[in-house]
Amino acid sequence: MSIQEANQNSLMPRVIVCLDVDNGRVVKGTNFKQMRDMGDPVELALAYENQGADELVFLDISASNENRPTALKLVTDIAKNLSIPFTVGGGLKKLDDVKAFLDAGADKVALNTTAILKPDIINQTAMAYGSQCVVVAIDVNKDSDGKLGVYINGGRQLVENEFFSWCNEVADRGTGEILLTAMHKDGTGSGFDTELTQQVSKNVPVQVIASGGAKTEQHYLDAFTHNADACLAAGMFHSGDYTVGQVKEYLAKAGLIVR
Amino acid sequence: MKKILIIDTKAGNLFSLKAAIERLGFSATILAAPDDNVFDGIVIPGQGRFGTVMKNLNANQWPDYLQQAKTKNIPMLGICVGMQIFFEGSDEDPEAVGLGWFSGKAQKLNFPKKPMVGWAKLDSNIWPQSIVYFVNSYAVKQSEHSIATTFYGEQFCAAVKQNSFVGVQFHPEKSSEAGAQIIAQALSGNTARSNGDLI
């Protein structure tokens, strides 16, 4: 896909920043045990909005039931302060959870494990709130033989769903977008899986958000010229290596029309 | 302080919209049914399906209220489905009848992917270069009252204006600074062409 093709619609490629939330704070996992406190979610969200982030995703905001009221209040605080769209995900187990977070002010919910275990929740959420509120997150891993496997429970459990049929199924069920995380790329810093992103984006009629592997601004350009509708990253922005503005400037210099 | 009414169409949370209006220094009151208070501006929010929104508006006598507000030239802002209801109908719920202030209807357009999700630049004299956030599967293709268009698979109407009413297909409350300016203009009733002429 050429720059010209990428620019043929007025719709622009989106740069999305992901924030992991634990107990009301944004955290960064350095390894399985240690979590580094990154700061207040509302403050960080506003900082990223000011950098030019097109959207934000808050993950694990809702992971534990005990923290539910705190998490809902936080979502309302974010909705009141942010003037760009945001998605919440992680630990939404039933339709009531989805409803609670959308009613609290989230623009969209990301469903991963629950989408696999109870796929009807995609249809139910789309019916009740509209497809635009549903993002199905798909964690996919490519093994050394090139075989693609779909994983749930934070990448710990392989499921039987065939990857491409699952992508098509979630679109048929009414998801508005697919958040495609290439586990084999995650943490490598070698860039998004552009080939896989392109395959999904060209063949599934919903927006595809590429995730996993981003380290430089070039990785964004590569993904957007391989049909990614949006790209999501966390580390390269949280570390301060890049601002969203720097990535967008690079994309603009390369000829892509960005916000 | 300008007093703004947000009509609660019972189709989604209104936190972002209320906050966006309050950030402009206006007060915002959410009402499910009309009351006797006088407002300086009215917002019809952008959540929900066409049929559900029309049903809830009709059930609470909003159409008469809006008609009167129109006669009094009170600034009104319809967002997304809140803009579409001012047309005759929508393919989303063909049996539902819109307010019919504008001819035409919302249609399923030739979008490459549905729903359209994301930021797009407006082609508009009033809001030149404005980049705003769209989330929609349906849209009005063209209108004689169009003041902005954009392109996604095909060109469609991104905003309409007639007298004190402004309708936008995008979500200004989710469109950062560009959206805030559009809300402020629409609710102040001073949406002008770039040459300064009021339309």
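Remember, predicted model here, so these are calculated numbers, not experimental data.

K.L.:
Quick question: what am I supposed to make of the overall build of chain B here?
P.N.:
Helix and strand counts for chain B stand at five helices and twelve strands. A compact globule built from 199 residues should have a C-alpha radius of gyration of about 16 Å, and chain B, at 15 Å, falls within 12% of that. Seen along its three principal axes, the alpha-carbon backbone of chain B occupies a region of about 45 × 40 × 30 Å. Considering chain B as a whole, with its 199 residues, one finds that 59% of them fall into the buried category. For chain B, the exposed area adds up to about 7,800 Å²; of that, 45% sits on carbon and sulfur atoms. Treating the 18 positive side-chain charges of chain B as one cloud and the 17 negative ones as another, the clouds have centres 4 Å apart.

K.L.:
Hey, could you run me through the sheet that holds strand β5 (residues 89–90) of chain B in this one?
P.N.:
Remark on secondary structure: sheet strands pair via backbone hydrogen bonds, oriented parallel or antiparallel. Residues and elements named next belong to chain B. The strand order β5-β6-β9 describes an open sheet built from three strands, whose pairing is mixed. Unpaired on one side and paired on the other, β5 and β9 (138–140) mark the two borders of the sheet. Bridge count for strand β6 (residues 105–108) against β9 is three bridges, and the pairing is antiparallel. By the bridge assignment, Gln 107 is partnered in β9 with Ala 139.

K.L.:
Is there a simple way to think about the interface of chain A and chain B in this case?
P.N.:
Frequently, the measure chosen for interface size is the accessible area that the parts lose on association. Taken together, the 38 residues of chain A in the interface contact 26 residues of chain B. Interface area for chain A against chain B, summed over the two sides, is near 2,500 Å², with a carbon-plus-sulfur share of 55%. Scanning the region where chain A abuts chain B turns up two salt bridges. Where Asp107(A) meets Lys174(B), a salt bridge forms, and the shortest distance between an N and an O atom there is 2.8 Å. Run the count over chain A and chain B and you get 19 residue pairs in polar contact (both at pLDDT 80 or more). Only α3 (68–81), α4 (95–103) and β11 (207–211) of chain A provide two or more residues apiece to the side of chain A that touches chain B. Considering every element that reaches the side of chain A that touches chain B, the biggest residue donor is α3(A), with four residues.

K.L.:
I keep staring at the side chain of Lys113(B) and nothing clicks. Help me out?
P.N.:
Among the structural elements, Lys113(B) can be located in the loop between β6 and β7 (116–121). A polar atom in the side chain of Lys113(B) sits 3.2 Å from the backbone oxygen of Val206(A). Setting aside chain neighbours within four positions, we find Lys113(B) in contact with Ser201(A), Val204(A), Pro205(A), Val206(A), Gln207(A), Val208(A), Asp229(A) and Tyr152(B).

Cut-offs and rules
Residue numbering note: each chain is counted from 1, following its sequence as written. Note on labels: chains are lettered from A, ligands numbered from 1, in written order. Totals for whole chains, interfaces and linings use all residues, but because this is a predicted model, local features are given only for residues with pLDDT of at least 70 and pairs of side-chain atoms are given and counted only at 80 or more. Each side-chain value is derived from all of the structure's non-hydrogen atoms; neither hydrogens nor water enter the calculation. The way it works is that DSSP assigns letters per residue, a run of H or I at least four long becomes a helix, a run of E at least two long becomes a strand, and they are numbered from the N terminus. Our radius of gyration is a C-alpha quantity, and the globule rule it is checked against amounts to 2.2 Å times the number of residues to the power 0.38. Only protein chains enter the accessibility calculation, which uses a 1.4 Å probe; a residue whose area is less than 20% of its type maximum is buried, one above 50% is exposed, and one in between is partly exposed. In this description, accessible areas are obtained by the Shrake-Rupley approach with a 1.4 Å probe, and a residue is regarded as covered only by the protein chains that are shown. Positive charges come from Lys and Arg alone, negative charges from Asp and Glu alone, with His and the N- and C-terminal ends not counted. Taken as the charge location is NZ of Lys, CZ of Arg, CG of Asp or CD of Glu. For two strands to pair, DSSP has to find at least two bridges joining them. Two residues form a contact once any of their heavy atoms are found within 4.5 Å. The buried area of a pairing is the accessible area, by a 1.4 Å probe, that goes missing from both parts when the two are put together, added over both. By definition here, a salt bridge exists when the distance from a side-chain nitrogen of Lys or Arg to a carboxyl oxygen of Asp or Glu is within 4 Å. Think of a polar contact as two N or O atoms within 3.5 Å of one another; within protein, one of them needs to be a possible hydrogen donor and the other a possible acceptor, and neighboring residues in sequence only count if both atoms come from side chains.

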